Amino acid sequence: MKSILIILSLAITVASFGQQDDVTLLKNEVKSAKDELKSNLGSLKYDGSKTTYYEVRNTNSFKDLEIILFLRDNYSLNFSGKASRGKVKLRIYDKPSSNPDRIMLFEVKNISGKTSTITSNELNQQLEFYKENPQALRSVYVEYEILKGKTERGAVVLVLGY
Amino acid sequence: MLPMNKFNFIIILITGFSLTNCAEEEAPVKEAPTALIEVDTTDVFGSDRFEFVLPRPFALAASFQEAGMSYAPGRTNPVENVSKYMTKGSQLINFGVYSTDLVYNIINDQPQQTMLYFNTLKELADKFGMGSIFTEDDLALEIEKNISDRDMLESLLVDVHERSQEFLEDNDMRFLSTIQFSGAWVEGMYLASLDFSSKDPAEVGHKIADQMTLVTNTIKGLEMYPNRDESINQILEELKAFEAMYANFESVLATEGVGFPELTKDEINQIATKIGVIRALIIA
């Protein structure tokens, strides 16, 4: 009985350390992705960031993120998938996922391993393409679709500049 | 190493506990529950289905400044109040209040008040164990050195904000950043509301309509936090009442959800009064 308990304790400890290592690695990747995006801002001012963490599962899953745009004249939205795992589609809409009439304004087929940038002015122009005299976007809604795959944790980093 | 599925892990633990119970006398295992807690902490790194980007106090203040917020001494939460905040909820929400007060002093070129509010923020951060964000890389010293340089201060306060968000995230207190934000937002609205009566209602109304997006998100964020104490619950209810009051204004109903409402003077006064009540509740 003692040996079973020792084996169990060891398994628990090893699993726990394993997860901690994964988390530490992910955190370091997130930090370096964020630093890279911040340094790419150039003359723009940094205005915050948001990291969306996810777990790749055996079914597709979604994460939504609302970005408020009215506080600044023109926001630069900078995404990094350098800490991403699996395949992650990125889409930006004018309305939340609860609204069936929402319009997709921007899409990246797979952000994993890449970076991508779009400004709120460009998103407004895109909206004008679909709608006549639309009201300027006050918020946009980012949707990350995490495609099914091997179970692992990942993250997409967003850095805002203005 | 492949990450272990949490469900499997719990099964192993349960099995472990069962076996331990069978063999209670010969091998009591006390370490197992700690291991379970350690594994749970990794869930900090799983974001919610829906989240929103919390604006920084500087962006908020800039927006309120555009709405015509002017400076007058004595409008901010007195620094002496810091000793009253004994619960984690009141400390966090007033950390947000003092963050806005700090920015309010910076953008209005008040170096002495800036220093005073910065030290108050530090004191409050120490109370809930976040003081380390100011000691790292001599951040506090850098801020003191640049107390009259608005651009430099803005950049340094970005660091303070980032570090406070990272601290909350790393310590499984992600939800608490919304509490902090709600304090910052209410204080900004309060400071701006003191000038509402002297401004053009059309312009003020437009800015208020914008800000209402943030109150909706603040409510969502506070609702998602499961361990709300009584004071936070009370603030949440007041914010909901405030949102409902706004939604039922005739001018807002008239828009039918499209465009900006033409708020009347009376409606703007009601907003200012209600914000004053919520703010008084927070800083009490």
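The structure this text deals with has already been given above.
Per the secondary structure count, chain B includes 13 helices and one strand. Secondary structure elements of chain B occur, N-terminal to C-terminal, as α-α-β-α-α-α-α-α-α-α-α-α-α-α. Among the 284 residues that make up chain B, the fraction classed as buried is 52%. Considering only residue pairs separated by 6 or more positions, chain B has 74% of its internal contacts joining residues 24 or more positions apart. A total of about 12800 Å² of accessible surface is found on chain B, and carbon and sulfur atoms cover 53% of it.

All right, on to the sheet that holds strand S6 (residues 115–119) of chain A then. Residues and elements named next belong to chain A. The four strands lie next to each other as S1-S8-S3-S6, forming an open sheet whose pairing is antiparallel. If you trace the sheet from one side to the other, it starts and ends with strand S1 (46–56) and S6, each paired once. The mean angle between the axes of side-by-side strands here comes to 15°, regardless of whether they run parallel or antiparallel. One ladder, built from five bridges, connects strand S3 (residues 76–80) with S6; its direction is antiparallel.

This next bit is on the nonpolar core. The nonpolar side chains of a soluble globular protein tend to be buried, and buried together. With 108 residues, the main nonpolar core has A:Leu77, A:Phe79, A:Ile92, B:Trp185 and B:Ile271 as its most contacted residues. Counting residues in hydrophobic clusters, the runner-up holds 12 residues, among them A:Leu26, A:Ala33, A:Ala83 and A:Ala155.

Residue position: B:Arg75 is located in the loop between helix H3 (57–66) and helix H4 (88–107). Reaching out from B:Arg75, the side chain makes a polar contact with the backbone oxygen of B:Ser70 at a distance of 3.2 Å.

What follows concerns helix H5 (residues 111–127) of chain B. All names here are of chain B. Compared with an ideal rise of 1.5 Å per residue, which puts 17 residues at 24 Å, H5 spans 24 Å between its outermost C-alpha atoms and is within 8% of the ideal. The set of residues buried in H5 consists of Thr-114, Met-115, Tyr-117, Phe-118, Thr-120, Leu-121, Leu-124 and Ala-125. Elements in contact with the buried residues of H5: H4, helix H6 (132–135), helix H7 (139–145) and helix H8 (150–170). One or two steps after H5, the chain reaches Gly-129, where phi turns positive at roughly 80°.

Before going further, it helps to spend a moment on the environment of B:Lys127. Residues and elements named next belong to chain B. One can find Lys-127 in helix H5. Taking the C-alpha atoms as reference points, Lys-127 and Ala-209, 82 residues apart in sequence, are found 36 Å from one another. Lys-127 has contacts with Val-82, Ser-83, Tyr-85 and Gln-91, leaving out every residue within four places of it along the chain.

One full turn of an α-helix is made of 3.6 residues, so residues set three or four places apart face in the same direction. Residues and elements named next belong to chain B. Between the first and last C-alpha of helix H11 (residues 230–247) there are 26 Å, a value that for 18 residues agrees with the 26 Å anticipated at 1.5 Å per step. Of all the positions in H11, only Ile-232, Ile-235, Leu-236, Leu-239, Phe-242 and Tyr-246 are classed as buried. Seen along its axis, H11 keeps its buried residues to an arc of 120°; they face one direction. Taken together, the buried residues of H11 touch H4, helix H9 (176–193), helix H10 (201–224), helix H12 (250–255) and helix H13 (265–283).

Cut-offs applied
- Residues numbered from 1 in each chain as written.
- Chains lettered and ligands numbered in written order.
- Predicted model: local features only at pLDDT ≥ 70, side-chain atom pairs only at ≥ 80, totals over all residues.
- Heavy atoms only, no water.
- Helix = DSSP H or I, 4+ residues; strand = E, 2+ residues; numbered from the N terminus.
- Buried < 20%, exposed > 50% of the residue type's maximum accessible area, 1.4 Å probe, protein only.
- Contact = heavy atoms within 4.5 Å.
- Areas by Shrake-Rupley, 256 points an atom, 1.4 Å probe, with all protein chains shown as cover.
- Pairing = 2+ DSSP bridges.
- Axes fitted to C-alpha atoms, helices over the stretch in contact; angles between N-to-C directions.
- Core = buried A, V, L, I, M, F, W, Y, C linked by side-chain atoms within 4.5 Å.
- Polar contact = N/O pair within 3.5 Å; in protein donor to acceptor, adjacent residues only side chain to side chain.
- Expected span 1.5 Å × (residues − 1).
- Arc of directions from axis to C-beta.

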